[in-house]
Amino acid sequence: MRLVRELLAKSEKALAGELRDDTSLIRSGLLDSLALLEVAEWVAEALGGALELQRIDLRAEWDTVADVLAFIERRTRA
Amino acid sequence: MIPEEDGYEVVPWEERHRAGVLRLRTLFRGIAPAWNAAHFRWQHEENPCFEGHWVQLALCRGEVVAMRVLQHALWELGDAAVRLRAPCFAGTAIDPAHRQKGLFGLLTRASEAELGRRGVEWAFNLSAGAATHVSSLAEGWRGTGPLRPLGRPQSIGGRRVRDRVLRYAVRAARYASRPEPGVRIEAEPRPEDMAGLAAEARRPDRIRRVRDAAYFRWRFRDPSSRYRFLYVERGGRVAGFLALHRPAPPIASGALTIADWECSAGLSFDELLGAAVAYAERIQKPLGTWSAAWPEPAQHALRRLGFEDAPEPGPLASSRPTILVRRIGADGGDAPWQVAGVALDTLEGWDARLTDSDAF
């Protein structure tokens, strides 16, 4: 997920290793508020419609790259 | 004090941090330091609910670089039998040179831990920007749903709407010329009258600010705002009021917003709203409000008077104003977020008028 890599590149928070699909982004604090907003805007754009974030448990559903991609896939199918 | 590996310390407010806090606020708001200091004093220290500064600061080499600030607030539910002290997050700022370092989450968790230690069960945020909104949701907060801004341009060409505004304006002028006056427009609040109306018109199914005379006296002294007050008098007493807000210089904004209102039983919203629209047209200003702040009959009146939904800011709901709610220490719990049977995590549980304009 290129966007997440770019956002993390702006951050000085060190990654313990490579960014993997299962690297925690939210619970670990890797994504700060502005970066998380950018991810949210990207997801909304990918889904091509309004996104009601208050109905989403972001920590559970967006914590990793794999979670975010799975979320988009579920929403696209629905 | 929480020492952090990245060279940050998270510490609670001490008086010696005041200059650093004001510097950060000035940086964040881009306005004059003296004005900013006056606003900070008003917002916190002159607030009748003030119990001391509940502020968490991130320091880098001893300098304040980020903060989360709580404002004290008193709420009531039901028939005013239940009162709730629940502070509002108001004044998050992170120095641009220190963003993307995880400070938002760090300060939020420190603030919530402090609230937990003080025995506070609920916290709210009435004025979150988009980034704070998204990050708060990720920290376990809940949103009530959008407040649905309504706007009305400074003038509307439609004949039917113009006729309606004219009719209300004429009626207001007619009342004003009588010994028993109707709608009056004044520069000063009438705190006792306002508090009397607020006590009469409680909505027991919603959480609402405690609006006593001390609250009104403080609320309308906000140095960042200018107000005009419309009063409807009947039988020698104030039967309704409506407060119009606009930012005070140096903050630039051409719009008026409806900051607060109250109407006694039997008085029509149409007259008060029509007078507000007539005033806005007279000084050629657009007028705005939250749709969610009004009961349904008033919403119809707003539409009749030319108010329309504000354009969507984008596909992301976090860009729209909302109320954010946090049950302190409630991660993952299934218990409903209710107090006295009122659900706090839905808009239906809120009297939302107090989140208008200057976010109080």
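Being a predicted model, the structure only gives us computed values, none of them experimental.

Enquirer: Just to check I follow, could you spell out the overall build of chain B for this structure?
Expert: When you go through chain B residue by residue, the secondary structure sums to nine helices and 21 strands. The buried share of chain B, reckoned over its 360 residues, is 45%. Expressed as a percentage of contacts within chain B between residues at least 6 apart in sequence, the contacts between residues at least 24 apart total 72%.

Enquirer: How should I be thinking about the interface of chain A and chain B in this particular structure?
Expert: Many analyses report the size of an interface as the accessible area lost when the parts associate. At the interface, 24 residues of chain A touch 20 residues of chain B. Broken down by element, the side of chain A that touches chain B gets its largest block of residues, nine residues, from helix α2 (residues 33-47) of chain A. In the side of chain A that touches chain B, the residues fall into eleven nonpolar, five polar and eight charged.

Enquirer: What is the right way to read the packing of helix α1 (residues 18-29) of chain B against helix α2 (residues 33-45) of chain B from this model?
Expert: Each pair of packed helices gets described by two things: the angle between the helix axes and the distance between those axes. All names here are of chain B. Orientation of α1 relative to α2, taken along the N-to-C sense of each, is 115 degrees, at an axis distance of 10 Å. By the angle class used here, α1 and α2 are roughly perpendicular. Considering how the two elements wind past one another, α1 and α2 form a crossing that is right-handed. Here α1 contributes Leu22, Arg25, Thr26 and Arg29 to the contact with α2, which in turn contributes Pro33, Asn36, Ala37 and Phe40.

Enquirer: Please explain the nonpolar core as it appears in this structure.
Expert: Nonpolar side chains tend to gather and get buried jointly when the protein is soluble and globular. Residue and element names in this part refer to chain B. Membership of the largest hydrophobic core comes to 102 residues, with the highest contact counts inside it found for Leu230 and Ala276. Considering each element in turn, this core owes the most residues, eight residues, to helix α8 (residues 269-282). In contact with Ala276, not counting residues within four places along its chain, are Leu230, Leu242, Leu244, Ile258 and Leu287.

Enquirer: I would appreciate a short explanation of the sheet that holds strand β14 (residues 225-234) of chain B in the present structure.
Expert: By way of backbone hydrogen bonds, the strands of a sheet pair with one another, either parallel or antiparallel. All names here are of chain B. Within the open sheet, the seven strands sit side by side as β12-β14-β15-β16-β17-β11-β18. Their pairing is mixed. On the outer flanks of this sheet lie β12 (183-186) and β18 (308-309), each paired with one strand and no other. Where strand β11 (residues 149-152) and strand β17 (residues 287-290) come together, four bridges link them in antiparallel fashion. By the bridge assignment for β17, Arg152 is matched with Leu287. Of the strands in this sheet, β15 (237-247) and β16 (256-263) touch helix α6 (residues 191-200), which is tilted by about 110 degrees from β15.

Enquirer: Would you take a moment to explain the sheet that holds strand β5 (residues 74-77) of chain B for this structure?
Expert: Residue and element names in this part refer to chain B. Sheet architecture is open: three strands sit in the order β6-β5-β13, paired in antiparallel fashion. Sheet topology places β6 (82-85) and β13 (208-209) at the edges, where each strand pairs with a single neighbour. Direction of pairing for β5 relative to β6: antiparallel, over a ladder of four bridges. Each bridged residue has a counterpart across the sheet, and for Leu74 the counterpart in β6 is Arg85.

Enquirer: Sorry, what's going on with the pairing of β11(B) here?
Expert: One face of the sheet, then the other: side chains in a regular strand alternate in exactly this way. Residues and elements named next belong to chain B. Burial along β11 is one-sided: the face carrying Leu150 and Arg152 is buried and the face carrying Pro149 and Gly151 is not. In this structure, β11 lies alongside β18, joined through two bridges in antiparallel fashion. Each bridged residue has a counterpart across the sheet, and for Gly151 the counterpart in β18 is Glu308.

Enquirer: What is the right way to read the environment of Arg27(A) from this model?
Expert: Residue and element names in this part refer to chain A. The residue Arg27 is located in the loop between α1 (2-10) and α2 in this model. Residue classification places Arg27 among the exposed positions, given that 12 C-beta atoms sit within 10 Å. Between the C-alpha atoms of Arg27 and Thr64, which are 37 residues apart in sequence, the distance is 9.2 Å. When residues no more than four places from it in sequence are discounted, the contact partners of Arg27 are Arg59 and Asp63.

Enquirer: In this structure, what is going on with unusual backbone geometry? I would like to understand it.
Expert: Trans peptide bonds make up most of the peptide bonds, and negative phi angles are found at most residues other than glycine. Residues and elements named next belong to chain B. For Arg148, which is not glycine, the phi torsion reads 60 degrees and is therefore positive. Position of Arg148 among the secondary structure elements: in the loop between β10 (142-143) and β11. The class for Arg148 is partly exposed, based on 18 C-beta atoms found within 10 Å.

Enquirer: Where do I start with the packing of α8(B) against helix α9 (residues 296-304) of chain B in this structure?
Expert: Residues and elements named next belong to chain B. The N-to-C vectors of α8 and α9 enclose an angle of 35 degrees; their axes lie 10 Å apart at closest approach. Taken as a pair, α8 and α9 cross one another with a handedness that is right-handed. Contact residues: α8 offers Phe269, Asp270 and Leu273, while α9 offers Pro297, Ala298, Ala301 and Leu302. Looking at the contact of α8 with α9 residue by residue, the classes come out as six nonpolar, no polar and one charged.

Enquirer: I keep staring at α6(B) and nothing clicks. Help me out?
Expert: Residues and elements named next belong to chain B. Listed as buried for α6 are Asp193, Met194, Leu197 and Ala198. The buried residues of α6 all sit within an arc of 135 degrees when viewed along its axis, so they share a single face. Looking at the buried side of α6, the elements it contacts are α7 (213-219), β15 and β16.

Enquirer: What is the right way to look at the environment of Glu192(B) in this model?
Expert: Along the chain, Glu192(B) turns up in helix α6. Taking C-alpha positions, Glu192(B) is 29 Å from Asn36(B), a pair spaced 156 residues apart along the chain.

Enquirer: Is there a simple way to explain the confidence of the model for chain A in this structure?
Expert: A low pLDDT score tells you not to read the predicted coordinates there in detail. Confidence in the prediction of chain A, expressed as mean pLDDT, is 79, and 77% of residues score 70 or more. Element-level mean pLDDT values for chain A span from 64 in α1(A) up to 90 in helix α4 (residues 65-77) of chain A.

Enquirer: Looking at this model, I keep getting lost on helix α4 (residues 130-138) of chain B. Mind explaining?
Expert: For an α-helix the count is 3.6 residues per turn, leaving residues at separations of three or four pointing the same way. A large share of α4(B) lies buried, amounting to nine of its nine residues. Residues Ala130(B), Ala131(B), Thr132(B), His133(B), Val134(B), Ser135(B), Ser136(B), Leu137(B) and Ala138(B) constitute the buried set of α4(B). In this fold, the buried residues of α4(B) make contact with α2 and α3 (58-61) of chain A together with α3 (103-118), β9 (122-125), β10 and β19 (324-327) of chain B. Backbone geometry just after α4(B) places Gly140(B) at a positive phi near 105 degrees.

Calculation rules
Residues numbered from 1 in each chain as written. Chains lettered and ligands numbered in written order. Predicted model: local features only at pLDDT ≥ 70, side-chain atom pairs only at ≥ 80, totals over all residues. Helix = DSSP H or I, 4+ residues; strand = E, 2+ residues; numbered from the N terminus. Buried ≥ 20, exposed ≤ 12 C-beta atoms within 10 Å, placed from the backbone. Contact = placed C-beta atoms within 7 Å. Nonpolar A, V, L, I, M, F, W, Y, C, P; charged D, E, K, R; others polar. Axes fitted to C-alpha atoms, helices over the stretch in contact; angles between N-to-C directions. Parallel < 35°, antiparallel > 145°, perpendicular 65-115°, else oblique. Left-handed = near helix turned anticlockwise from the far one by under 90°. Core = buried A, V, L, I, M, F, W, Y, C linked by C-beta atoms within 7 Å. Pairing = 2+ DSSP bridges. Arc of directions from axis to C-beta. pLDDT = per-residue confidence, 0-100.

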